[in-house]
Each structure stands twice: as C-alpha cells, then as structure tokens.
Amino acid sequence: MEYDFSFCNPTVIHFGKSAMNHLADELNKYGRNVLLIYGGGSIKKIGLYDEVIRILTECKKNIVELPGVMPNPTWKKVEEGNTLVRKHKIDFILAVGGGSVIDLAKGVANSALCYDPDPFKKYWIDDAPVDNPIIPIGAILTMVGTGSESNGGSVITNEDLKIKTGRVFPLETSAPRFAILNPEFTYSVPLYQMKAGIFDIFSHLMEQYFSGEDDNVSDYLIEGLMKSLIRNTKIAIKEPTNYEARSNIMWCATVALNGLVGRSKQQDWEVHAIEHQLSAITDCTHGMGLAAISVPYYKHIYKYGLAKFKRFATEIWGVPDVGSDEEVALQGIEALRGYISESGMVLSIRDLGVDSLDTIREIADSTEEGGGYKQLDHDEIYKILLESYNLTY
Ligand code: NZQ
Ligand code: ZN
C-alpha cells in the first residue's frame, strides 16, 4: 500500500427486506423537528411515502417536507431547504430517494447554518472546511448507483454559473448516520435509470482502479466488484425483480464508493469531471453521460497505464494474453464497449442532447483539467467528446 491513510465510514447500514424495521430506532436518536426530503413523486407511487410518514408520526416527530428534488439537483433547491431548516429549527434530515435527493440533503445539512453571503462558493468552489453546525442526516435509498447513501459527496448544479460540481464533505461529519437499503424499493426504477445507475457504479470502480502501479489490495477488491456487477447486470436487465441480482447491485454500489476500495489509490475521476459539465449543460442522466464518455476516454489514455489496462482486459473480460500488451489492453476496452452496447446504455453524447460542435467546445472549456495516468488539457477533452459525438472510437 503506497500511501498512508486513515479510514472510518460511520454510516450504519440496514440492508434487506426488513431494513425499514430499524427506522424508528434510528429516528429516536435525534430531535423532534425532521425535514423530509424527496424527489418528484416515485416514493408516493410505491407506497414508501405513506410508510415513512406513519413511522415519523409514531415517533412523534414534527414533519416539514421538501418535495420535488430534481435529478441533477440545483443550488436554488438547496437554498429552499436552507430556508426551511432555519424557519423550523430542523434537528434531523431524512432523505428518501436516489443520489440526487441524498446529495441535496447533504448540501442543506452543511450549508443551512452557514451565514456566509455565498455558501456555494465557500463550500463547493473554494472547498473551504465547514465551520458552522451540520445537521445530521439519514437516508432511505430507492435508486442505486451513486453510493451517496454512505459517503460525503454532494453534487450540486449551479444554474446561474452553469457549473455542476461535487463537494466531498468529510465522512465523519456528513455521511448519512444511517442508510436503509431494501433492494425491493428499487424494483420500480425505470430500466433506463437502472442501467444508468449500474454504469455509474462501474465508472466509480474504474475511476479508482485506473491509477497507480503498485500491488494494492484495493485493486483486487475492485476486480471482484466489477465481476459481480457484470454478471448481475445481465440478470437485472432481463428480470428487474430478481432479488439476488438487485441486492448484489445495491451493495456493490455502496461498497464501490463508501471510501473502502479507494484506499491508498491516487484515483482518476476525469470521466466524472467531463460528465458533470456535460450534465450541467444538457441536464442528461449522470450514468449515461459516463457511459458515452468512458470508451473514447480510456482509448485516449490507456498507453500511459498500459499494465493496468492489460490487467483489466485479462482479469475482468477474460481476454487471452496473446499478442502485444497494447493489443490485449485495447481488447479490454473493446469489451467494455460491448458491455455498454449490449446492456443498452448510451454510447454517444449525441443521444444525450449534444447537438453542435459549439456545445462540445462549451463542455470541454468548462471542464476542470485533470486525469489519472494522463493529465488532459481542454483540447484533448474536446477530442474525446467529439469522438463520442461522431461515434468514431
Ligand atoms: O424524483 P423521483 O420521482 O423520485 O424519480 C427519480 C428520478 O427521476 C427516479 N427514481 C428514484 N427512485 C425510484 C425512481 N423511480 C421509480 N422508482 C424508484 N424507486 O430516478 C430518477 C433519477 O434519480 P436520481 O436520484 O437523480 O439518480 P441517481 O441516484 O443516479 O443520482 C444522480 C445524481 O447523483 C450525483 C450525480 O451527478 C447526479 O446529480 N452523484 C453523486 C455522487 C455522490 N454523492 O457520491 C457520486 C456520483 O458520481 C454522482 O456524481
Ligand atoms: Zn458517478
């Protein structure tokens, strides 16, 4: 293990069909004024809203609601939550939904009691340490992918600035105190969203895997998760109510981004940086944006991390170790392309609302330059986006 680290993930996970039985006990640990945050209505359709209200009421909580959190949640929506926290002296935030709802809840938890004139700049752009009280949050997860249920990430879109950016708050202060993970709550997720969530998980694993040259146990953990994810993707697409597949995917998502498998790794995250600006400008679904960028991105950088890309090909996709290292590595990236295509995920940003070269330039120029095995500049980012647009990779 090349780099030293400290690690503690504080989220208590209640997993499985009976996970909701733990909600009352968890809620009883916190104060009476609860802000219930949720999205556009799916939790009402699946009956979860009624159940949550019943339990909150039995726990004698005063319930304040913040509905209508949109995918790619906005800073304006965070401000709406902040106003409610201050007005109702909120003690605890309960987020019920997918990554967007939980990310927004973390945004409110960290910024509601910040009296700085511009909390977005302070916490999301300048990355300043949080120096105001933070409201504790809990999560009931209904859509799998981001890992937000057990990490400190809060990805927020500032529409005025046309920036979508993630702040990773410390796990100790800002990860949900508990997360209820019942795979059955995810059965109603539309297929497109389910596939997007699956690719999001795959991307989180790749972003952490493609870095470093040392022998690191984190890489072996990631390989195991990737293999399980590939196997269960096929099953879940064919049979969305297959509990074994959906539960494996759910736990895979949590472990993929709760901090564990990134230990002692430099990590990459440039695919995410590009996707965040793609989403900021097109409002596309996060996981599909990642799918459309990944193959051209990895084709662009694989020579700089050849040994790891070769290992990806042989370990994950079973590519025979025949021919040059480059040929083997490229076959691995081709296998990734096959997985995206056969699973019905998106291969081109053209299918996500990008309709002109000007838009591509706008995305490229507003993306933060960075990378893992290779540092990219804006022209290289433009080229990768162009290849996705024209499907020339
Ligand atoms: O709003 P509702 O009606 O609930 O509908 C949602 C939404 O339209 C729907 N949905 C959720 N659960 C459902 C359901 N529909 C039917 N049945 C259910 N059980 O799914 C749609 C998408 O939900 P969303 O929360 O947006 O999806 P996801 O979990 O993929 O979250 C995406 C956001 O998380 C950020 C992304 O950038 C994006 O903004 N990320 C957060 C990360 C983190 N915190 O660490 C890391 C990720 O890389 C990512 O950037
Ligand atoms: Zn992601």
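Residues numbered from 1 in each chain as written. Chains lettered and ligands numbered in written order. Predicted model: local features only at pLDDT ≥ 70, side-chain atom pairs only at ≥ 80, totals over all residues. Heavy atoms only, no water.

*Asks:* In this structure, what is going on with the side chain of Ser154? I would like to understand it.
*Replies:* With respect to the element layout, Ser154 can be found in strand β6 (residues 153-158). Ignoring anything within four residues of it in the chain, the contact list for Ser154 reads Asp103, Lys106, Gly107, Trp124, Thr165, Gly166, Arg167 and Phe169. (Helix = DSSP H or I, 4+ residues; strand = E, 2+ residues; numbered from the N terminus. Contact = heavy atoms within 4.5 Å.)

*Asks:* Would you mind showing me how to read helix α16 (residues 378-390) here?
*Replies:* What sets the pattern is the α-helix's 3.6 residues per turn: residues three or four places apart point alike. Compared with an ideal rise of 1.5 Å per residue, which puts 13 residues at 18 Å, α16 spans 18 Å between its outermost C-alpha atoms and is within 8% of the ideal. Listing the buried residues of α16 in full gives Glu380, Ile381, Tyr382, Ile384, Leu385, Glu387, Ser388 and Tyr389. Tucked into the core, α16 has its buried residues touching α11 (270-282), α12 (286-301) and α15 (357-366). Residue Leu391 follows α16 closely and has a positive phi angle near 50 degrees. (Expected span 1.5 Å × (residues − 1). Buried < 20%, exposed > 50% of the residue type's maximum accessible area, 1.4 Å probe, protein only.)

*Asks:* Would you take a moment to explain the sheet that holds strand β5 (residues 137-141) for this structure?
*Replies:* Strand-to-strand pairing in sheets goes through backbone hydrogen bonds, with the strands running parallel or antiparallel. Spatial strand order, β1-β8-β5-β4-β2-β3: 6 strands in an open sheet with parallel pairing. Both edges of this open sheet fall to β1 (12-15) and β3 (62-66), since each of them pairs with a single strand only. Across the sheet, the mean angle from the axis of one strand to that of its neighbour is 20 degrees, orientation sign disregarded. Bridge count for β1 against strand β8 (residues 178-181) is 4 bridges, and the pairing is parallel. Opposite Ile13, over in β8, you have Ala179 as the bridge partner. (Pairing = 2+ DSSP bridges. Axes fitted to C-alpha atoms, helices over the stretch in contact; angles between N-to-C directions.)

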